Amino acid sequence: MSKVSPSAKIPLKQFLGGKGSFNQRLDYAKKLNYDFYKQVCPEIKKGMISPITYRKLLKNLLPDNIKLHITKLPQSIIEKGIFGRTIQLGNTINGFTISLPYEEEYGNKNKNGMISLKNFSTMMHENFHLFVEAANPKFSARCSFEDEQGYEVFNQNLYGPAVGSFGLGKMFKIMQYLKTKPLEDRINFLQLARYHLYEEHYAYIEGANYSNSMYNNVPFNFKPQIAFLEMLLYANIQKARKQNELNLLKSENE
């Protein structure tokens with residue numbers, strides 16, 4: 001699990017009682033996304049917005065300590081947008097990056113490029129990733145899989161476009177992978193996968209809320225996968241607790 005620096009999280013004082021439940025943080029992220037929507041509407045010119053203005057509007061809604069970079073999405077990338085985290089030495093997350101396609105401003109070549117708003121729901125999707133991770137550092141802390149195999153298992157059986165319908169075949173492959181791992185690694189994988197799917201589930205919903213046409217063909221309902229992961233997670237945590245109890249009892253009798 002990664003560490004999260006102050007430059008990648010909203011201070012606790014922003015939340016009721018200085019803590020903030022999961023639902024409070026989720027609602028706060030949704031509110032920030034809606035506040036961005038209200039800000040960006042008057043800024044739209046010819047369906048385009050500059051990266052500088054886009055970043056400024058996002059930063060207006062975040063504490064000054066949050067580090068944020070807006071970058072051009074490479075043409076070789078098939079995704080419509082990418083949210084990422086900047087990581088420094090020591091596996092510490094110290095900021096965020098949003099990458100979107102840049103286009104030439106209509107009637108005027110801009111060497112720095114402009115961001116088209118024709119895929120506005122994609123922008124709102126990536127915005128939500130930013131807001132929910134800044135508001136809920138647990139999400140960003142659990143952002144990296146321990147090994148490439150774990151990522152492939154997640155992407156092919158739980159999240160990626162190859163998933164299709166989630167059924168017994170995918171469940172079997174996940175359980176086969178977990179059997180090769182120690183108990184602690186199993187729990188870490190399950191927690192990480194669950195956090196990923198929770199975040200993506202709500203990000204897709206947020207994007208769809210701001211467009212009636214986008215994501216119509218995307219299976220963004222991850223509830224079956226989340227329920228399966230939580231069942232496995234509960235069973236493995238119970239097993240870990242029993243092992244700890246047995247180890248404690250053994251040490252007391254030695």
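Going by the structure above, here's the rest.
All of these numbers come straight from a predicted model, not from anything done at the bench.

(A) Highlighting the overall build of the protein chain. Of regular secondary structure, the protein chain possesses eight helices and seven strands. Scored against the burial criterion, the 254 residues of the protein chain give a buried share of 46%. Considering only contacts within the protein chain whose residues lie at least 6 apart along the sequence, 70% involve residues at least 24 apart. A total of about 14400 Å² of accessible surface is found on the protein chain, and carbon and sulfur atoms cover 53% of it.

(B) Summary view of the packing of helix H1 (residues 22–40) against helix H3 (residues 120–135). Contact pair H1 / H3: the axes reach a minimum separation of 9 Å and the direction vectors enclose 140°. Between H1 and H3, the angle falls in the class oblique. Here the hand of the crossing between H1 and H3 comes out right-handed. Residues Arg-25, Leu-26, Tyr-28, Ala-29, Lys-30, Leu-32, Asn-33, Phe-36, Tyr-37 and Val-40 of H1 form the contact with H3, whose participating residues are Phe-120, Met-123, Met-124, Asn-127, Phe-128, Phe-131, Val-132 and Ala-135. Across the contact of H1 with H3, the residue classes break down as 14 nonpolar, two polar and two charged.

(C) Representation of the environment of Lys-72. Relative to the helices and strands, Lys-72 resides in strand S3 (residues 68–72). Taking the C-alpha atoms as reference, Lys-72 lies 9.9 Å from Ile-82; in sequence the two are 10 residues apart. Among all residues touching Lys-72, those that are not within four sequence positions of it are Leu-100 and Tyr-102.

(D) Molecular detail of the sheet that holds strand S6 (residues 102–103). Pairing within the open sheet is antiparallel, and its three strands lie in the order S2-S7-S6. Only two strands of the sheet have a single partner each, and these edge strands are strand S2 (48–49) and S6. Across two bridges, S2 lies against strand S7 (residues 114–116) in antiparallel orientation. Note that in S7 the partner of Met-48 across the bridge is Ser-116.

(E) Inspection of the pairing of strand S4 (residues 82–88) at higher detail. As defined by bridge partners, S4 adjoins strand S5 (residues 92–100) across seven bridges and the pair is classed as antiparallel. When the sheet's bridge partners are listed, Phe-83 is paired in S5 with Ile-98. Here S4 folds back onto S5 in antiparallel fashion, the turn holding three residues, of which Gly-90 has a positive phi close to 90°.

Conventions and cut-offs
Residues numbered from 1 in each chain as written. Predicted model: local features only at pLDDT ≥ 70, side-chain atom pairs only at ≥ 80, totals over all residues. Heavy atoms only, no water. Helix = DSSP H or I, 4+ residues; strand = E, 2+ residues; numbered from the N terminus. Buried < 20%, exposed > 50% of the residue type's maximum accessible area, 1.4 Å probe, protein only. Contact = heavy atoms within 4.5 Å. Areas by Shrake-Rupley, 256 points an atom, 1.4 Å probe, with all protein chains shown as cover. Axes fitted to C-alpha atoms, helices over the stretch in contact; angles between N-to-C directions. Parallel < 35°, antiparallel > 145°, perpendicular 65-115°, else oblique. Left-handed = near helix turned anticlockwise from the far one by under 90°. Nonpolar A, V, L, I, M, F, W, Y, C, P; charged D, E, K, R; others polar. Pairing = 2+ DSSP bridges.

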